[in-house]
Amino acid sequence: MRTVVGFICLLSVTVPIASAQSKAASAAPPVFIHCGTLIDGKSEQPRKNVFFEIDGDRIAAIPAAVPGTAKVIDLSNETCLPGLIDTHTHVLLNGDITSEDYDFQLLKQSSEYRTILATVNARRALEYGFTTIRDLETEGAGYADVDVKKAINNGVVPGPRMQVATRAMDVTGAYPLLGYAPNVPVPHGVQVVDGREEGRKAVREEIMYGADWIKVYSDHGYFVSKDASGRDILDDIPTFTVEEMRAIVDEAHRQRHKVASHAVALNGVHTSIEAGVDTIEHGDYISDEDLKTMAARGVYYVPTIYVGVYVAQGRANEGAPVWLQMTKIHEDTFHRAMKAGVKIAFGTDAGGFDWKENPAQEFKYMVDWGMTPAEAIRAATVTASELLGMQDKIGTMEVGKFADIVAVPGDPLRDITVLQKVDFVMKGGVVEKRR
């Protein structure tokens, strides 16, 4: 009996020691990267010929002294940047030009099949250079985005870091699927809520099932009208009342969650700002007064320019010619937002256009509409990380932050389109793409 007990005691002592030795032996040595040019998101000017050290999933040293036997990833002919961040995506959607495109996905593709496609889209996002995304609703696929995020976090499938919004909210009669006979039950792309109490309940339910953000649709039915000075403005039909929206925002904020508002035009934006949302998505038209309020309160503007250009002709052909006018109005709003000092974060609405289209096309539109290349890059790194509340982990290349790094063969400060040619992607110290 004493022998058995002694053996058990010995085992209990020696196993942890052996385990610790095994872990130490298997720990990967640091990796070093040599960047020809480094845009770190923090320095005023790019830095040349920089070596830095990656230890595990973090940046350990910049600049770094490289031991003679160390493994060095040679990016000496490349420009390195922090991993890009897209703050408005839909991995469970694959193109949404016309109602037929949308209806097909909700009526003829199961949520399970759409989730499989979503894992492919997440991989695409990562390979385009987006190491973090905020996915703003599943478009009728329930809480599947939570599972995609979980599968990525558990190493089951490759993809970016994700914050998810699960089911967005809208009111009765304002969101597809629409136009079917009253006796034909059809699914909706959102969670339909009416009234303050339904809104609060929906927030609680979505958070319970894994939502990081709450998303609301604040308007629909767009048309062009004139303001007092005769300038074209984009008008709309608001969805939620201010009281309904305030209840949703209050409940989300009470539970330490933020609210993103799909607000394309005059009334949707104003209702959202009055209710206290945290981000305005799209914002093709925002009044000067609302821009002033956004700047004062720190409300972020995510303009998603490219998707509007992408869908405009198709939606005009389907009977909504207003989409052809919206781009010009949107450009004017973008200029006024910059002038007003509103925080502008990079977001593309990928999924609203086909995921085979590179979301980095958004950068060119931001520059064409008045940003410098450096400002556009900052929108997709520093500003985007702040919008997500992750500025202590991502957005710049600094010691202690995640080793999320991308590289391009050229100078994006001279030609922003080279960001469409990302040929190296590291996420959390793991090389996900290298050509």
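Every chain is numbered on its own, with residues counted from 1 as its sequence reads. With pLDDT at 70 or above as the cut-off, local features in this predicted model cover only qualifying residues; side-chain atom pairs require 80 or more to be listed or tallied, and sums for whole chains, interfaces and linings still use all residues. Only hydrogens and water are removed before side-chain values are computed, so all heavy atoms of the structure are retained for them.

A. Layout of the overall build of the chain. The way it works is that DSSP assigns letters per residue, a run of H or I at least four long becomes a helix, a run of E at least two long becomes a strand, and they are numbered from the N terminus. Per the secondary structure count, the chain includes 13 helices and 18 strands. Here the globule rule reads 2.2 Å times residues to the power 0.38, and the radius of gyration is calculated from C-alpha atoms. Taking 22 Å as the expected radius of gyration for a compact globule of 435 residues, we find that the chain reaches 24 Å, a close match to that expectation. Expressed as a percentage of its 435 residues, the buried residues of the chain come to 52%. Sequence-distant contacts, at least 24 apart, represent 69% of the contacts inside the chain between residues at least 6 apart. Each residue is assigned to one of three classes by its accessible area relative to the maximum for its type, calculated with a 1.4 Å probe on protein chains only: buried under 20%, partly exposed between the two thresholds, exposed over 50%. Only heavy atoms enter the contact rule, under which two residues are in contact if any of them lie within 4.5 Å.

B. Representation of the state of the cysteines. Criterion for a disulfide: a pair of cysteine sulfur atoms at a distance within 2.5 Å. Here the structure, examined in full by the defined rule, presents 1 disulfide. The residue that forms a disulfide with Cys35 is Cys80, at a sulfur-sulfur distance of 2.1 Å. Residues Cys35 and Cys80 are joined through a disulfide that is left-handed, its torsion about the S-S bond being -95°. Here Cys35, found in strand β1 (residues 31-38), pairs with Cys80, found in strand β4 (residues 71-82); they are 45 residues apart in sequence, far enough to count as distant. Residue Cys35 is classed as buried on the basis of its relative accessible area of 0%.

C. Spatial organisation of the packing of aromatic side chains. Aromatic rings from Phe, Tyr and Trp, taking only the six-membered ring of Trp, are treated as a pair when their centres fall within 6.5 Å; an angle between ring planes under 30 degrees marks them as stacked, one over 60 as edge-to-face, and anything in between as tilted. Scanning all chains against the criterion turns up 11 aromatic pairs. Between Tyr143 and Tyr209 the ring centres are 4.9 Å apart and the planes differ by 45°, which places this aromatic pair in the tilted class. With Tyr143 in the loop between β6 (130-135) and α4 (144-153) and Tyr209 in the loop between α5 (196-208) and β10 (213-217), this residue pair connects regions lying 66 residues apart in the sequence. You can call Tyr209 partly exposed: its relative accessible area is 45%. Three or more aromatic residues joined by ring pairs form one cluster here, namely Tyr306, Tyr310, Phe353 and Tyr365. Each ring is checked for a lysine NZ or an arginine CZ that lies within 6 Å of its centre and within 35 degrees of its normal; such an atom marks a charge sitting over the ring. Sitting over the ring of Phe402, Arg58 keeps its end group 4.0 Å from the ring centre. Across from the ring centre of Trp323, 4.5 Å away, lies the NZ or CZ of Arg315, which sits over that ring.

D. Looking closely at the nonpolar core. Counting 85 residues, the largest nonpolar core has Met169, Ile214, Leu234, Ile280, Met294, Phe363 and Met366 as its most contacted members. It is helix α10 (residues 322-340) that provides the largest number of residues to this core, a total of 6 residues. With residues up to four places along the chain from it excluded, the contact list for Ile214 reads Met169, Val203, Glu206, Ile207, Ile248, Ala252, Lys258, Val259 and Ala260. Throughout, nonpolar core names a set of buried Ala, Val, Leu, Ile, Met, Phe, Trp, Tyr and Cys residues whose side chains join them through atoms within 4.5 Å. Counting 18 residues, the second largest nonpolar core, distinct from the first, contains Ile59, Ile73, Leu75 and Phe424.

E. Main features of the sheet that holds strand β2 (residues 47-55). Pairing between strands is defined by DSSP: at least two bridges between the two strands are required. Across the sheet, 7 strands lie side by side as β3-β2-β1-β4-β16-β17-β18; this open sheet has mixed pairing. Taken across any chain shown, the strands that pair with only one partner, and hence form the sheet edges, are β3 (58-61) and β18 (430-434). Sheet twist, expressed as the mean angle between neighbouring strand axes with direction ignored, is 40°. One ladder, built from 7 bridges, connects β1 with β4; its direction is parallel. The residue of β4 that forms the bridge with Thr37 is Thr79. Fitted lines through C-alpha atoms serve as axes, helices being fitted only where they are in contact, and the angles separating the N-to-C directions of these axes extend from 0 to 180 degrees.

F. Geometry of the pairing of β2. Judged from the 7 bridges that link them, β1 and β2 form a sheet pairing that is antiparallel. Residue pairing for β2: Val31 is matched across the bridge by Ile54. Both β2 and β3 contribute to a ladder of 3 bridges, which runs antiparallel. Its bridge partner being in β3, Glu53 is matched across the sheet by Ala61. Where β2 folds back on β3, the antiparallel hairpin that results is connected by 2 residues, among which Gly56 adopts a positive phi of roughly 70°.

G. Examining the layout of surface pockets more closely. A pocket here means an open set of points on a 1 Å grid, computed over the protein atoms alone, that has protein on both sides within 12 Å along at least five of seven lines. A cavity is instead a set of points where a 1.4 Å probe fits but cannot get out; residues with an atom within 4 Å of a point line either one. Grid points are joined across faces, edges and corners, and a volume is the space filled by probe spheres set on the points. For the largest pocket, the calculated volume is near 970 Å³. If you go around the largest pocket, you meet 41 residues; those closest to its centre are Asp96, Pro176, Tyr222, Arg315 and Trp323. Elements that contribute at least two residues to the lining of the largest pocket include exactly α2 (99-108), β10, β11 (219-226), α9 (305-317) and α10. With 5 residues, α10 is the single largest residue contributor to the lining of the largest pocket. Of the residues that constitute the lining of the largest pocket, the class distribution is 17 nonpolar, 14 polar and 10 charged. There is about 280 Å³ of room inside the second largest pocket. Taken together, 15 residues make up the lining of the second largest pocket; nearest its centre are Gly41, Ser43, Glu44, Ala374 and Arg378. With 4 residues, the top contributor of residues to the lining of the second largest pocket is helix α12 (residues 373-379). Residues belonging to the lining of the second largest pocket are distributed by class as follows: 6 nonpolar, 4 polar and 5 charged. Under the convention adopted here, Pro, Cys and the residues Ala, Val, Leu, Ile, Met, Phe, Trp and Tyr are nonpolar, Asp, Glu, Lys and Arg are charged, and Gly plus all remaining residues are polar.

H. Representation of empty space enclosed by the protein in the model. For the coordinates displayed, the defined rule picks out 1 cavity of 30 Å³ or more. For the largest cavity, the full set of lining residues is Gly83, Ile85, Thr131, Lys393, Ile394, Gly395, Thr396, Phe402 and Asp404. Residues of the lining of the largest cavity, tallied by class, amount to 3 nonpolar, 4 polar and 2 charged.

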